[in-house]
Amino acid sequence: MKRFFAAIAGLSLAAMAIAQTTFLTIGTGGVTGVYYPVGGATARIVNEAGVGLRLTVESTAGSVFNISAIRDGQLDLALAQSDVTFQAFNGQAAFDGNPFEGLRPLMGLHAEPMHLVCLDGSGVNEFADIAGKRVSLGAPGSGVLFTVQAMLAAKGLSEADVSAEYLRPAEAPDFLRDGRIDCFFYTVGIGGAAIRDIMATTDAKLVPLADPEFAALIEELPYYAFATVPAGTYGARQPDPVTLFGVKALFVGSTAMPDDQAYAIVKAVLDNLAAFQAIHPALANLTAEDFLSGLGAPMHPGAERAYREAGLLQ
Ligand code: GLU
């Protein structure tokens with residue numbers, strides 16, 4: 001009898017656990033980027049924390065798609081660029097006149113410098129040299145294109161000044177290798193697989209992006225920053241450190257997410273920080289300041305609670 005009751009009790013506990021599991025989807029980016037592995041590892045850490053959440057990842061076109069899909073309820077969470085998050089919250093650029101006021105970052109993450117990769121023989125040695133060249137400016141739905149547009153405007157150029165392509169990060173390197181384009185842009189964490197692979201296999205270079213016009217943009221808008229790619233990150237074809245202009249990656253959700261869910265996700269990451277940082281070299285040097293700053297929109301209150309409890313916020 002005792003055993004019988006124990007079996008029933010065990011069964012109902014298991015049934016309850018299933019009933020109480022909330023399934024959430026994280027939007028990431030292309031599989032050769034950094035969002036995809038970071039999203040996958042975040043999901044694993046949260047799932048293993050046993051907090052009643054089951055996260056899964058989806059490969060997507062990137063920031064603009066992700067934020068729109070959160071608004072439409074197709075995604076619960078996503079990785080997104082800080083500039084695109086700011087623009088979405090304030091109704092600018094891709095979100096012109098259509099602000100997403102419910103957008104709420106949970107965590108600030110890695111630096112996402114703009115990588116401008118060009119063939120050695122392209123004649124492009126600095127940003128302004130792309131005028132008249134065949135250049136991929138980023139795919140529709142990515143955040144890449146919007147960062148490029150701001151950079152073009154800062155230099156007094158426009159999309160019409162280049163022979164523009166809008167390729168996905170998985171296809172742009174192949175086009176470059178085949179000589180069908182001279183350069184491509186990709187806003188991605190340092191050490192992203194797409195850049196590592198093309199630099200390892202093709203006579204290509206990473207063009208420095210430290211122009212005074214970009215310094216002025218950083219002065220003006222807090223979600224931009226310079227980042228330095230350490231020498232050799234992309235192998236022998238990148239023997240020196242390269243300074244790049246760029247943004248940072250954020251982990252975002254919305255006001256549709258209950259506070260206790262956002263809290264549980266951030267707490268799981270903070271409790272497993274060493275495992276989280278080991279996911280990808282782009283995360284290796286994250287500081288408490290990185291989690292909290294440059295968010296582009298107000299932080300989710302559930303996330304705020306987790307940071308306060310961890311002593312990172314007053
Ligand atoms: N920053 C890119 C975008 O929003 C994605 C980078 C990545 O997938 O790591 O389009």
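Rules used in this analysis
The residue numbers shown here count from 1 along each chain, following its written sequence. Per-residue local features are limited, in this predicted model, to residues with pLDDT of at least 70; the limit for side-chain atom pairs, both in listing and counting, is 80 or more; totals at the level of whole chains, interfaces and linings are taken over all residues. As a rule here, side-chain values come from all non-hydrogen atoms in the structure, and water together with hydrogens is ignored. Secondary structure elements follow DSSP: runs of H or I of four or more residues count as helices, runs of E of two or more count as strands, with numbering from the N terminus. To get the radius of gyration, use the C-alpha atoms; to get the globule rule, take the number of residues to the power 0.38 and multiply by 2.2 Å. Relative accessible area decides the class of each residue, using a 1.4 Å probe on protein chains only: under 20% of the type maximum gives buried, over 50% gives exposed, and in between gives partly exposed. Note on definitions: a residue-residue contact is assigned when non-hydrogen atoms from the two residues lie within 4.5 Å. Only the protein chains shown count as cover for residues, and all accessible areas are computed by the Shrake-Rupley method using a 1.4 Å probe. Positive charges come from Lys and Arg, negative ones from Asp and Glu, while His and the chain ends are left out of the count. Throughout, a charge is located at the NZ atom of Lys, the CZ atom of Arg, the CG atom of Asp or the CD atom of Glu. The near set for a molecule or strand comprises every residue that places at least one heavy atom within 4 Å of it. Side-chain atoms alone can form a polar contact between residues adjacent in sequence; in general such a contact is a pair of N or O atoms within 3.5 Å, and within protein one must be able to donate a hydrogen while the other accepts it. Note on residue classes: Ala, Val, Leu, Ile, Met, Phe, Trp, Tyr, Cys and Pro are nonpolar, Asp, Glu, Lys and Arg are charged, and everything else, Gly too, is polar. Planes of paired rings set the category: under 30 degrees apart is stacked, over 60 is edge-to-face and the rest tilted, where pairs are Phe, Tyr or Trp rings (Trp by its six-membered ring) whose centres lie within 6.5 Å. Per-residue confidence from the predictor is given as pLDDT, running between 0 and 100. All axes here are fitted lines through C-alpha atoms, helices being fitted over the stretch that makes contact, and every angle between N-to-C directions spans 0 to 180 degrees. Should an angle lie under 35 degrees it is considered roughly parallel, over 145 roughly antiparallel, and from 65 to 115 roughly perpendicular; all remaining angles are considered oblique. Left-handed describes a crossing in which the near helix is turned anticlockwise from the far one by less than a right angle; the clockwise case is right-handed. Throughout, nonpolar core names a set of buried Ala, Val, Leu, Ile, Met, Phe, Trp, Tyr and Cys residues whose side chains join them through atoms within 4.5 Å. We count a salt bridge whenever a side-chain nitrogen from Lys or Arg sits within 4 Å of a carboxyl oxygen from Asp or Glu.

(A) Focus on the overall build of the protein. When its secondary structure is counted, the protein shows 12 helices and 10 strands. Taken over the C-alpha trace, the protein has a radius of gyration of 21 Å; the compact-globule value for 314 residues is 20 Å, and the two agree within 12%. The principal-axis extents of the C-alpha atoms in the protein amount to approximately 85 × 40 × 35 Å. Out of the 314 residues in the protein, the part that is buried amounts to 50%. Pairs at least 24 apart in sequence give 75% of the contacts found in the protein among residues at least 6 apart. Accessible surface computed for the protein: about 13,300 Å², of which carbon and sulfur atoms make up 54%. Measuring between centres, the 19 positive side-chain charges of the protein sit 10 Å from its 32 negative side-chain charges.

(B) How the structure looks around the site of the ligand. Around the ligand there are 15 residues in total, and V34, Y35, S63, Q81 and E112 lie nearest to it. The contact in question runs from an oxygen atom of the ligand to an N or O atom on the side chain of S63, over 2.5 Å. A distance of 2.8 Å separates a nitrogen atom of the ligand from a polar backbone atom of T187. When the free accessible area of the ligand is taken as 300 Å², the share hidden by the protein chains comes to 98%. Taken together, the residues of the shell around the ligand sort by class into six nonpolar, eight polar and one charged.

(C) Structural view of the side chain of T28. Positionally, T28 belongs in the loop between β1 (22-27) and α2 (35-48). The class for T28 is buried, based on a relative accessible area of 0%. Within the structure, the side chain of T28 is placed 2.6 Å from the backbone oxygen of E58, a separation counted as a polar contact. Once you skip the residues sitting within four places of it in the chain, T28 turns out to touch Y35, Y36, G39, V57, E58, S59, T60, G62, N66 and L79.

(D) Local environment of unusual backbone geometry. Even without being a glycine, A93 presents a positive backbone phi close to 50°. Among the secondary structure elements, A93 is positioned in the loop between α4 (82-90) and β4 (103-119).

(E) Region of interest: the packing of aromatic side chains. The tally for this structure, following the rule as stated, stands at nine aromatic pairs. Measuring from ring centre to ring centre gives 5.3 Å for F127 and F214, while their planes differ by 85°; the resulting arrangement is edge-to-face. Linking F127 in the loop between β4 and β5 (134-136) with F214 in helix α8 (residues 212-220), this pair joins segments that are 87 residues apart in sequence. Here F127 matches F214 in class, with each residue buried. Look at F276 and F291: their rings are 6.4 Å apart centre to centre, the planes differ by 40°, and that puts the pair in the tilted class.

(F) Spatial organisation of the confidence of the model for the protein. Predicted confidence across the protein gives a mean pLDDT of 94, with 94% of residues reaching 70 or more. Per-residue pLDDT stays below 50 along residues 1-9; that stretch engages in zero contacts with residues further than four places along the chain or on separate chains.

(G) Representation of the packing of α2 against helix α9 (residues 259-271). Between α2 and α9, the shortest axis-to-axis distance is 9 Å and the interhelical angle comes to 100°. With respect to each other, α2 and α9 are oriented roughly perpendicular. Taken together, the residues of α9 that come into contact with α2 (itself represented by T42, I45 and V46) are I265, A268 and V269. Residue classes in the contact of α2 with α9 are distributed as five nonpolar, one polar and no charged.

(H) Just the packing of α9 against helix α12 (residues 301-309), in detail. Here α9 crosses α12 at 40°, and the two axes come no closer than 7 Å. Considering their axes alone, α9 and α12 lie oblique with respect to each other. Handedness of the α9/α12 crossing: right-handed. On the side of α9, the interface is formed by D259, A262, Y263, V266, K267 and L270, while α12 contributes P301, G302, A303, R305, A306, Y307 and E309. Here the residues of the contact of α9 with α12 are counted per class, giving eight nonpolar, one polar and four charged.

(I) Inspection of the nonpolar core at higher detail. In terms of nonpolar packing, the biggest core is built from 98 residues, with L109, I130 and F185 touching the most fellow members. Ranked by residues supplied to this core, first place goes to β4 with nine residues. Leave out the neighbours within four places in its chain, and I130 touches L116, V124, V135, L152, D161, V162, C183 and F185.

(J) Expanded view of helix α5 (residues 144-154). In terms of burial, α5 is largely enclosed, as eight of its 11 residues are buried. Taken together, the buried positions of α5 are V144, L145, F146, T147, V148, A150, M151 and L152. With its phi angle positive at about 75°, G156 sits one or two positions after the end of α5.

(K) Structural view of the pattern of salt bridges. Overall, the coordinates contain nine salt bridges when judged by the stated rule. A salt bridge links K267 to D271, with the shortest nitrogen-to-oxygen separation between them at 2.9 Å. Residue K267 and its partner D271 are both found in helix α9; the two are separated by four residues, about one turn of the helix. Taking relative accessible area as the criterion, K267 reaches 31% and is therefore assigned partly exposed. Taken together, the salt bridges that share partners define one network made up of K155, D211 and E213.

(L) Inspection of the environment of A249 at higher detail. By the secondary structure assignment, A249 is in strand β10 (residues 242-254). The sequence separation of A249 and E309 amounts to 60 residues, and the corresponding C-alpha distance is 23 Å. Those residues in contact with A249 that sit more than four places away from it in its chain are Y35, A80, M107, G108, L109, H110 and E112.

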